[in-house]
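Observations on the three-dimensional arrangement
Okay, here's what each chain looks like letter by letter:
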Amino acid sequence: MIDLTKANHHLWKEIMEEDAGDIRRCFNCGTCVSGCPAAEAETPLMIRRLVRMVLLGLEEKLLEDGTPWMCVTCTACEEMCPMGVKPFEVGLAIRRWQTRKDETYIPLSTTEVFQTGHTQPVEKVGELRRSLGLPEIPPTIAKFTELLKKFQAMLRETEIVKNNDYMFKE
Amino acid sequence: MRYGLYLGCNMPAIRPDVERAMRLALPILGIELVDLEGYACCPAFGTFPSADEIASLAISSWNLSIAEEKGVDVVVQCGSCYSSLRMARAKLLKDEEKRERVNELLGIAGKKFEGKPCTRHLIDVLYNEVGTEKISQVIKKNLKGLKAVVQYPCHTRFPSEVLGFDNPGRPRMLKEIVEALGAEVQHYSRELQCCGGSGGFARQAYQDAVKFTKKKYDAMKNETQPDMIVVNCITCLMYMDKIQKDLSKEGEEFSIPVFDYAQILALCMGFDPKEVASISVIPRDKIIEKITGAMS
Ligand code: SF4
Ligand code: SF4
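Residue numbers restart at each chain and count upward from 1, following the sequence in its written direction. To label them, take the chains in the order written and letter them from A, then take the ligands in the order written and number them from 1. Totals for whole chains, interfaces and linings use every residue, but because this is a predicted model, local features are given only for residues with pLDDT of at least 70 and side-chain atom pairs only at 80 or more, for both listing and counting. Just so you know, side-chain values use all the structure's heavy atoms and leave hydrogens and water out.

1. Details of the overall build of chain A
Inclusion rule: Helix and strand labels come from DSSP, where a helix needs a run of H or I of at least four residues and a strand needs a run of E of at least two; each type is numbered from the N terminus. For this measure, only C-alpha atoms enter the radius of gyration; the expected value for a globule follows 2.2 Å times N^0.38, where N is the number of residues. Between buried and exposed lies partly exposed: a residue is buried under 20% and exposed over 50% of the maximum accessible area for its type, with that area taken using a 1.4 Å probe on protein chains only.
Helix and strand counts for chain A come out as 10 helices and 0 strands. What you see for chain A is a C-alpha radius of gyration of 20 Å, clearly larger than the 15 Å of a compact globule of 170 residues, by over 25%. Seen through its principal axes, chain A has C-alpha atoms that stretch 60 × 35 × 30 Å. The 170 residues of chain A split such that 52% are buried.

Structure representation (structure tokens):
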């Protein structure tokens, strides 16, 4: 049983951003689920269910729900939704809300991108790159220390880094 | 034709042979590549876009501002880089408030976003700017006698309103540029199924993801006889190659060589396979020998 007296009726306003369309138009048709790769998991990602949770204000349940992180970002759902909702963006908006509420949701990869500019160690494969006839370090931010400093200074002014600065190391 | 070459993170670190293939092959088709010095992660959807939208848009526009300074459009092979950069630009052009905030942030680094440069996927550039005829004309070797299946990167199909260039429901451009190299492209019922390699699915529920991908490979195996799979996205490339080992477990074997388009293009142009196609899980030697040995 869901106890709606404990629900947060403003949840949808807290979570939803304009880019995700108007989720109040969702009529639960399931199109966003039928073509979704991650809906085939044993604990499936089901955007239509997440939309209901947001609209009903089931804050606690939603905060515990890890399925939005299974999205493969194929964006097929966004093409298909007949109501102009953007299910992919709904998933991202829920992730962002979760990271605001609970810092353990913050993907470690954000701290890597902050620290190095990348999700992969592009500056550490010099030998392989050289053997292929490529410069050891690609011409990315990894090659330009001064630029990386500026990049980090810029990100220091964003909410996520300001609010969790202990996680973001230079 | 001048384009800023946006490599992303995976290609230069894990599959730099694809980078080499692009750098060698594209100029032969009249595409001048300009390095986008100082670019960072696009950012990938699992990073800042999942944590802070403004930070995410600031990083995308950091990248686009480099192309803007150079006065070039951007060309990209990775599907999710393409989608991330494209969607960020669309959002910023639509939303003045976000654009202002992002420009405040960029200002800290001495940069500015105006939104001029457009991000183009390599398939789009090859098909629509270069054209299949030119591709067929410049190659020295070809793929005649080889059968291929193709994998369209999802991130180049949806949402078509923001980033589409092919027919999202019935794409054909990758098939046609592969055919321009002489291969026969075969269709199968699950051709348009996502590879499943991007994002959290394979990371959080690997066994389920393997099952999902197995359906695709079963259909491929039952309905076609491919000598190779041709992709044009770094995630499709790494995932569709690597996963065959795990699909092969229960007595059944899957070992279909996977190539990026730039790699077979470079091979057909006569470039050294040791430079342009040397990294893979499933061995590709037989196909490479066939291509390098064949005269057109
Ligand atoms: S496709 Fe759109 S309307 Fe249908 S359930 Fe999904 S979000 Fe709701
Ligand atoms: S973008 Fe995410 S939620 Fe939408 S269909 Fe793809 S995996 Fe599913």
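We are not done yet, so read on.
2. So, the domain arrangement of chain B
Residue and element names in this part refer to chain B. For the record, the criterion: Domain start and end points were adopted from an automatic or database domain assignment. Residue contacts are counted whenever heavy atoms from the two residues lie within 4.5 Å of one another. Buried area is a sum: the accessible area each of two parts loses on coming together, probed at 1.4 Å, counted once for each and added. Just to be clear on terms, a salt bridge is a Lys or Arg side-chain nitrogen sitting within 4 Å of an Asp or Glu carboxyl oxygen. Pairs of N or O atoms within 3.5 Å make up the polar contacts considered here, provided that, within protein, one atom can donate a hydrogen while the other can accept it, and that residues adjacent in sequence are counted only when both atoms are side-chain atoms.
Split into domains, chain B comes out as domain 1 (2-121) and domain 2 (131-293). Of the residues lining the interface, 27 residues belong to domain 1; the matching set on domain 2 comes to 32 residues. Between domain 1 and domain 2, a total of about 2500 Å² is buried, with carbon and sulfur atoms accounting for 69% of that surface. Where domain 1 meets domain 2, there are 3 salt bridges. The partner of R284 in a salt bridge is D17, with the nearest N and O atoms 3.5 Å apart. The tally of links between domain 1 and domain 2 comes to 12 residue pairs in polar contact (both at pLDDT 80 or more). For the side of domain 1 that touches domain 2, the secondary structure elements donating two or more residues are α1 (10-14), α2 (16-28) and α4 (79-94). Counting residues per element, the side of domain 1 that touches domain 2 draws most heavily on α2, which supplies 10 residues.

3. Quick notes on the nonpolar core
Note the following rule: Grouping buried Ala, Val, Leu, Ile, Met, Phe, Trp, Tyr and Cys residues that are joined through side-chain atoms within 4.5 Å yields what is termed a nonpolar core.
Core analysis: the biggest nonpolar cluster contains 162 residues, and F151(A), W62(B), L126(B), I135(B), Y261(B) and L265(B) have the highest contact counts within it. In this structure, this core is formed jointly by two domains, domain 1 (2-121) and domain 2 (131-293) of chain B, each of which donates at least three residues. Setting aside its immediate chain neighbours within four residues, L265(B) contacts A25(B), L26(B), L29(B), I135(B), I139(B) and L181(B).

4. Describing the site of ligand 2
Here is the rule: When we say a residue is near a molecule or strand, we mean one of its heavy atoms is within 4 Å of it. Amino acids outside the nonpolar list (Ala, Val, Leu, Ile, Met, Phe, Trp, Tyr, Cys, Pro) and the charged list (Asp, Glu, Lys, Arg) are all regarded as polar, and Gly is one of them.
The immediate surroundings of ligand 2 are formed by C36(A), P37(A), L45(A), I47(A), C71(A), V72(A), T73(A), C74(A), T75(A), C77(A) and F88(A). In terms of residue class, the shell around ligand 2 is built from 9 nonpolar, 2 polar and no charged.

5. Let's talk about the interface of chain A and chain B
At the interface, 59 residues of chain A touch 63 residues of chain B. The contact between chain A and chain B buries some 5000 Å² in all, and 65% of this surface belongs to carbon and sulfur atoms. Our enumeration of links across chain A and chain B arrives at 5 salt bridges. D19(A) is paired through a salt bridge with K98(B); the nearest N and O atoms lie 2.8 Å apart. Secondary structure elements with two or more residues in the side of chain A that touches chain B: α5 (76-80), α6 (87-101), α7 (108-116), α8 (126-131), α9 (145-156) and α10 (159-163) of chain A. Here the side of chain A that touches chain B is composed, by residue class, of 33 nonpolar, 13 polar and 13 charged.

6. Considerations on the sheet that holds strand β7 (residues 228-231) of chain B
Residues and elements named next belong to chain B. Heads up, the rule is: Pairing between strands is defined by DSSP: at least two bridges between them are needed.
Spatially, the 4 strands line up as an open sheet ordered β6-β5-β7-β8, and their pairing is parallel. Both outer strands of the open sheet, β6 (184-185) and β8 (258-260), are each paired with one neighbouring strand and no more. Where β7 and β8 come together, 3 bridges link them in parallel fashion. Counted as the bridge partner of I229 is V258 from β8.

7. Structural notes on the site of ligand 1
Around ligand 1 lies a shell formed by C26(A), F27(A), N28(A), C29(A), G30(A), T31(A), C32(A), R48(A), C81(A), P82(A), M83(A) and V85(A). Among the residues making up the shell around ligand 1, the classes are represented as 8 nonpolar, 3 polar and 1 charged.

8. Focus: the packing of helix α3 (residues 53-70) of chain B against α4(B)
Residues and elements named next belong to chain B. Convention followed: To obtain an axis, a line is fitted to C-alpha atoms, over the contacting stretch when the element is a helix, and the angle between two such axes runs from 0 to 180 degrees between their N-to-C directions. Just so you know how the angles are binned, under 35 degrees is roughly parallel, over 145 roughly antiparallel, 65 to 115 roughly perpendicular, and the rest oblique.
Running from N to C, α3 and α4 cross one another at 105 degrees; their axes reach a closest spacing of 9 Å. Looking at the two axes, α3 sits roughly perpendicular to α4. Contacts from E53, L57, S60, S61, N63 and L64 of α3 reach α4 at S84, L85, A88, R89, K91 and L92. Here the residues of the contact of α3 with α4 are counted per class, giving 5 nonpolar, 4 polar and 3 charged.

9. With respect to the environment of S84(B)
Inspection of the secondary structure assignment puts S84(B) in helix α4. Between the alpha carbons of S84(B) and P49(B) there is a distance of 8.8 Å; along the sequence they are 35 residues apart.

10. Quick notes on the pattern of salt bridges
Scanning the model with the defined rule gives 33 salt bridges over all chains in all. In this structure, E19(B) and R129(A) form a salt bridge, with 2.7 Å as the shortest nitrogen-oxygen distance. Of this pair, E19(B) sits in helix α2 while R129(A) sits in helix α8, each in a different chain. The class for E19(B) is buried, based on a relative accessible area of 0%. The partner of E37(B) in a salt bridge is K70(B), with the nearest N and O atoms 2.6 Å apart. Placement of E37(B) in the loop between β2 (32-35) and α3 and of K70(B) in helix α3 is noted, with a sequence separation of 33 residues between them. Residue classification places K70(B) among the partly exposed residues on the basis of a relative accessible area of 30%.

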